[in-house]
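One letter stands for each residue in the lines below.
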Amino acid sequence: MKDLLAKINAEIENFVTESNSLVEKGVKAAGARARKSTLELEKLLKEFRKVSIENQKK
């Protein structure tokens, strides 16, 4: 669970960095990287939900 949370936090930081580059500096490639990061976050958050529910049942 701790590893999963670390991955989620790292991906959130990556998203923030890339989205800031897009908005503040106008780097178009950063937009693509930010969108890719959101897809990865979606996977990680679904995994977190699955693990969280399993831990609650114990």
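Let me begin by describing the structure that accompanies this report. Just so we're clear, the structure is a prediction, and the values are computed from it rather than from any experiment.

## Some points on the packing of helix H1 (residues 2–25) against helix H2 (residues 28–57)
Closest axis-to-axis distance for the H1/H2 pair is 8 Å, and the angle between their directions is 160 degrees. As the angle between them shows, H1 and H2 are arranged roughly antiparallel. Considering the relative orientation of H1 and H2, their crossing is left-handed.

## What to know about the nonpolar core
Listed in full, the five residues of the largest apolar core are Leu4, Ile8, Leu41, Leu44 and Val51. Mapped onto this core, the elements with two or more residues apiece are H1 and H2. Contacts of leucine 4, omitting those with residues within four sequence positions, involve Leu44, Glu47, Phe48 and Val51.

## As for the pattern of salt bridges
Enumeration over the complete set of coordinates arrives at three salt bridges. Where glutamate 18 meets arginine 33, a salt bridge forms, and the shortest distance between an N and an O atom there is 2.8 Å. Of this pair, glutamate 18 sits in helix H1 while arginine 33 sits in helix H2, and the two are 15 residues apart along the sequence. Take glutamate 18: its relative accessible area is 12%, and that puts it in the buried class. Across the pair glutamate 42 and lysine 46 runs a salt bridge, and its minimum N-O distance is 3.8 Å. Residue glutamate 42 and its partner lysine 46 are located together in helix H2, separated by four residues, close to a single helical turn.

Reading the values: rules and limits
Residues numbered from 1 in each chain as written. Predicted model: local features only at pLDDT ≥ 70, side-chain atom pairs only at ≥ 80, totals over all residues. Heavy atoms only, no water. Axes fitted to C-alpha atoms, helices over the stretch in contact; angles between N-to-C directions. Helix = DSSP H or I, 4+ residues; strand = E, 2+ residues; numbered from the N terminus. Parallel < 35°, antiparallel > 145°, perpendicular 65-115°, else oblique. Left-handed = near helix turned anticlockwise from the far one by under 90°. Core = buried A, V, L, I, M, F, W, Y, C linked by side-chain atoms within 4.5 Å. Buried < 20%, exposed > 50% of the residue type's maximum accessible area, 1.4 Å probe, protein only. Contact = heavy atoms within 4.5 Å. Salt bridge = Lys/Arg side-chain N within 4 Å of Asp/Glu carboxyl O.

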